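Structural features, examined
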Amino acid sequence: MEQLELLWRLQDLDLAIAGLQEKIESNPLLENVRLAKEKQGELQSTLDRGKEWQAEQRKKLKMMELDLNKLAADRAGLHNKLYGGEVSNIRELELMEKRLVSLGREQEALEEKIIRLMEEVERRQVELEEFKGQVKRQEQAVLGEEDKLERELANLGLQLEQLQENRDGLLPLIESKYMDLYRTQCQRHGGKGISRVINDSCSGCRMFISSAQRGFLYNPNSIVYCENCGRLLVRLSDSDNKTVDT
Ligand SMILES: [Zn+2]
């Protein structure tokens, strides 16, 4: 294979390698993993807040139950005192009776409050259990996305390895002065310093190549640059001209 043709193949490989590296570094599946994890984090913190709320309410319920016990005990004590016959002062008895009624009301109100809170806690507990299922499912979704990414990266990694191997095989065939030429051209033209001639035009800038230059192109060893864009022109054999242009 002629040196210029080798340079064209090298550029082809380098472009493919750069494309693959880009695909690996900013793979769209990375974003899927990030989004799935973000959602998982949100669900988890909602769950944590829910659990915290439940724990607080249960503590509150316990306190209320203690208050209720105390109220009931106070009420029973007062009841005994009132009807035990120890107190005979009418005024005092009246006060005790009033106090007994008020304690009864207090107890009732507290009992109602406890029942309402217990119902609320139970209702929220059912919701929380359902929500735990949602968090579990999201954890699975994250694992699924991570798995997809991993497989994609493994696949791209293999492709990259193959291209690197091809490149390593090509390098020893290229003479150093052509390699220097390649580097300079690629630096000047953003990695695309070699341009194929297709239908007598430069495939880099689509400009028609003058007949004077075309003559040189038939000599495989002549270095010809596109007069318009400055890329190094390579004329491949006819069979290669049928391959897809990059
Ligand atoms: Zn050109």
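Above this text you will find the structure in question.
First, a word on what this report is: a plain description of the structure on this page. Along every chain, residues carry numbers that run from 1 in the direction the sequence is written. Side-chain atom pairs in this predicted model are given and counted only at pLDDT of 80 or more, local residue features only at pLDDT of at least 70, and totals for whole chains, interfaces and linings cover all residues. In computing side-chain values, all of the structure's heavy atoms are included and hydrogens and water are not.

**Brief notes about the side chain of Glu 145**
Put simply, the test is: Each helix is a run of DSSP H or I of at least 4 residues and each strand a run of E of at least 2, with the numbering of both proceeding from the N terminus. In this scheme, a residue with accessible area under 20% of its type's maximum is buried, one over 50% is exposed, and one in between is partly exposed, where area comes from a 1.4 Å probe on protein chains only. Here a residue-residue contact requires only that any non-hydrogen atoms of the pair lie within 4.5 Å.
Assignment of secondary structure puts Glu 145 in helix 3 (residues 90-170). Owing to a relative accessible area of 18%, Glu 145 belongs among the buried residues under this scheme. When neighbours within four sequence positions are excluded, Glu 145 is seen to be in contact with Asn 32, Val 33 and Ala 36.

**Some thoughts on the coordination of the zinc ion**
For clarity, the threshold we go by: Counted as coordinating are nitrogen, oxygen and sulfur atoms within 2.8 Å of the metal, or 3.2 Å for Na, K and Ca, while water is not included, which may make sites look incomplete. Note on geometry labels: four donors, all angles 85 to 135 degrees, give tetrahedral; four donors become square planar and six octahedral when opposite donors are over 155 degrees apart and every other angle is between 65 and 115; remaining cases are irregular.
Donor atoms from the polypeptide that bind the zinc ion are Cys 202 (SG), Cys 205 (SG), Cys 226 (SG) and Cys 229 (SG), placed at 2.2 to 2.3 Å. Classification of the site at the zinc ion rests on its 4 donor atoms, whose angles at the metal span 102 to 116 degrees, yielding the label tetrahedral. You can call Cys 226 buried: its relative accessible area is 7%.

**Observations concerning the packing of aromatic side chains**
The cut-off we apply is this: Pairing of aromatic rings covers Phe, Tyr and Trp, the last counted by its six-membered ring, and requires centre-to-centre distances within 6.5 Å; plane angles under 30 degrees mean stacked, over 60 mean edge-to-face, and any other angle means tilted. Consider the ring centre and the ring normal. A charge sits over the ring if Lys NZ or Arg CZ is within 6 Å of that centre and within 35 degrees of that normal.
According to the stated counting rule, one finds 0 aromatic pairs in the structure shown. Positioned above the aromatic ring of Trp 53 is the side chain of Arg 124, whose terminal nitrogen or guanidinium carbon lies 3.9 Å from the ring centre.

**With respect to the environment of Asp 200**
Within the secondary structure, Asp 200 sits in the loop between strand 1 (194-198) and strand 2 (201-202). Sequence separation between Asp 200 and Arg 235 is 35 residues, and the spatial gap between their C-alpha atoms is 9.1 Å. If we ignore the near neighbours within four places in the chain, the residues touching Asp 200 are Met 207, Phe 208, Ile 209 and Arg 214.

**Section: the sheet that holds strand 3 (residues 232-234)**
Here is the rule: For two strands to be treated as a pair, DSSP must find no fewer than two bridges joining them.
As summarised here, the arrangement of the 3 strands in space is 2-1-3, forming an open sheet in which the pairing is mixed. The sheet is open, and its two borders are formed by strand 2 and strand 3, each paired with just one other strand. Across 2 bridges, the pairing between strand 1 and strand 2 is antiparallel. By the bridge assignment, Ile 198 is partnered in strand 2 with Ser 201.

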